[in-house]
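# Working through the structure, step by step
Listed below are the residues making up each chain.
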Amino acid sequence: MLQFAQWCNHSPLAEAIRDSPWIFPTLEIVHLLGLAVLGGTILIVDLRLLGIGLKQLSSAQLAAQVAPWTRAALAAMLTSGALMFTSEAIDCYNSQPFRVKMVLLLAAATFMFTVRRRVISSGTGASSSWIDRLAGITSLGLWAGVAAAGRAIAFW
């Protein structure tokens, strides 16, 4: 992994990002806007799984309505995050919070696209079962961990 980080760090793309006064801040803006949209869409569906709010819609209906926003926000965050990583790959490699964030991101995304999706699609929409609530609280916990670890990167 160190060799990959070194390769990224010395790439022309990384140098261009570091040398520009506006590229990295623009990437951060895109990343944070993606975070806001992704966080909002995940929160609204997970709260519905917990039986809180928007009870006129089933979890499946709500998830379907926000899915394009969720996917677009996740794509924006992954793209901007990868570009930011490229420009500071050695620092990220040496950052424990970054490693924790990546593990939690993988776990959260995997959970979202497998278990949570299955729970949502199998629900009746009438009320939240214990499985719905467990999926909602697990999802919220994983994504909160991603956000907390991401924030901790700045202080490490």
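Note: the structure precedes this text.
Below is a short write-up of the structure. (Residues numbered from 1 in each chain as written. Predicted model: local features only at pLDDT ≥ 70, side-chain atom pairs only at ≥ 80, totals over all residues. Heavy atoms only, no water.)

### Considerations on a nonpolar patch on the surface
Which entries qualify depends on this criterion: Candidate patch residues must exceed 30% relative accessible area and have no salt bridge, after which like charges are joined if within 9 Å and Val, Leu, Ile, Met, Phe, Trp or Tyr side chains if within 5 Å. Reported accessibility uses the Shrake-Rupley method at a 1.4 Å probe radius. Residues are deemed covered only where the shown protein chains occlude them. Salt bridge, as used here, is a side-chain nitrogen of Lys or Arg placed within 4 Å of a carboxyl oxygen of Asp or Glu. Segments assigned H or I by DSSP are reported as helices when at least four residues long, segments assigned E as strands when at least two residues long, and all are numbered from the N terminus. Accessibility here uses a 1.4 Å probe with only protein chains present; expressed as a share of the type maximum, an area under 20% marks a residue as buried, one over 50% as exposed, and anything in between as partly exposed.
There is a patch of nonpolar side chains on the surface, built from W130, I131, L134 and I137 and spanning about 440 Å² of accessible area. By the element assignment, W130 lies in helix α7 (residues 130-153). On the accessibility criterion, W130 (59% relative accessible area) is exposed.

### Remarks on the side chain of S80
Definition in use: Residues count as neighbours in contact if any of their non-hydrogen atoms are within 4.5 Å of one another.
Considering the arrangement of structural elements, one finds S80 in helix α4 (residues 59-87). For S80, a relative accessible area of 2% puts it in the buried group. With near-sequence residues (within four places) excluded, S80 lies in contact with L27, V30 and H31.

### Re α4
One full turn of an α-helix is made of 3.6 residues, so residues set three or four places apart face in the same direction. The line we're drawing: Here the expected span of a helix is defined as 1.5 Å times the quantity of residues minus one. Bend angle per residue: angle between axes fitted to the 7 residues ending at that residue and the 7 residues starting there.
Taking 1.5 Å as the rise per residue, α4 with 29 residues should run 42 Å; its terminal C-alpha atoms sit 39 Å apart, in good agreement. Along its length, α4 reaches its greatest deviation from straightness, about 50 degrees, at V66, and the proline P68 lies no more than four positions downstream.

### Points about the packing of aromatic side chains
Quick note on the threshold: Between the rings of Phe, Tyr and Trp (Trp by its six-membered ring), a pair exists once the centres lie within 6.5 Å; its type follows the angle of the planes, with under 30 degrees stacked, over 60 edge-to-face, and the other angles tilted.
For the coordinates displayed, the defined rule picks out 3 aromatic pairs. Note on F85 and F98: the rings are 5.6 Å apart at their centroids and 15 degrees apart in plane angle, and the pair reads as stacked. Of this pair, F85 sits in helix α4 while F98 sits in helix α6 (residues 96-122), and the two are 13 residues apart along the sequence. Using a relative accessible area of 15% as the deciding quantity, one classes F98 as buried. Taken together, the ring pairs in this structure connect F4, W7, F85 and F98 into an aromatic cluster.

### Describing the nonpolar core
The tendency in soluble globular proteins is for nonpolar side chains to be buried side by side. The line we're drawing: In these notes, a set of buried Ala, Val, Leu, Ile, Met, Phe, Trp, Tyr and Cys residues joined through side-chain atoms within 4.5 Å is what counts as a nonpolar core.
In this structure, L38, V45 and W143 are the most contacted members of the largest nonpolar core, which totals 21 residues. Among the secondary structure elements, those contributing two or more residues to this core are α3 (23-49), α4, α6 and α7. In this structure, A5, C8, C92 and F98 belong to the second largest nonpolar core, which totals 6 residues.

### Side note on the pattern of salt bridges
Under the counting rule described, the total for this entry stands at 1 salt bridge. Residues D46 and R116 are paired through a salt bridge, measuring 2.7 Å at the closest nitrogen-oxygen approach. Of this pair, D46 sits in helix α3 while R116 sits in helix α6, placing them 70 residues apart in sequence. Of the residues examined, D46 reaches a relative accessible area of 0% and is grouped as buried.

### Remarks on the packing of α4 against α6
Heads up, the rule is: Here the axes come from fitting lines to C-alpha atoms, over the contacting stretch only for helices, and the angles between their N-to-C directions go from 0 to 180 degrees. We call two directions roughly parallel when the angle between them is under 35 degrees, roughly antiparallel when it is over 145, roughly perpendicular when it lies between 65 and 115, and oblique otherwise. Left-handed describes a crossing whose near helix is turned anticlockwise from the far helix by less than a right angle; the clockwise case is right-handed. Basically, the charged four are Asp, Glu, Lys and Arg, the nonpolar ten are Ala, Val, Leu, Ile, Met, Phe, Trp, Tyr, Cys and Pro, and anything else, Gly included, counts as polar.
One can describe the packing of α4 onto α6 by two numbers: an axis separation of 13 Å at closest approach and a directional angle of 160 degrees. Overall, the two elements α4 and α6 adopt an arrangement that is roughly antiparallel. Note that α4 runs across α6; the crossing there is left-handed. Here S59, A60, A63, T70, L74, L78 and F85 of α4 come into contact with α6, specifically with F98, L105, M112, F113 and I120. Classifying every residue of the contact of α4 with α6 gives 10 nonpolar, 2 polar and no charged.

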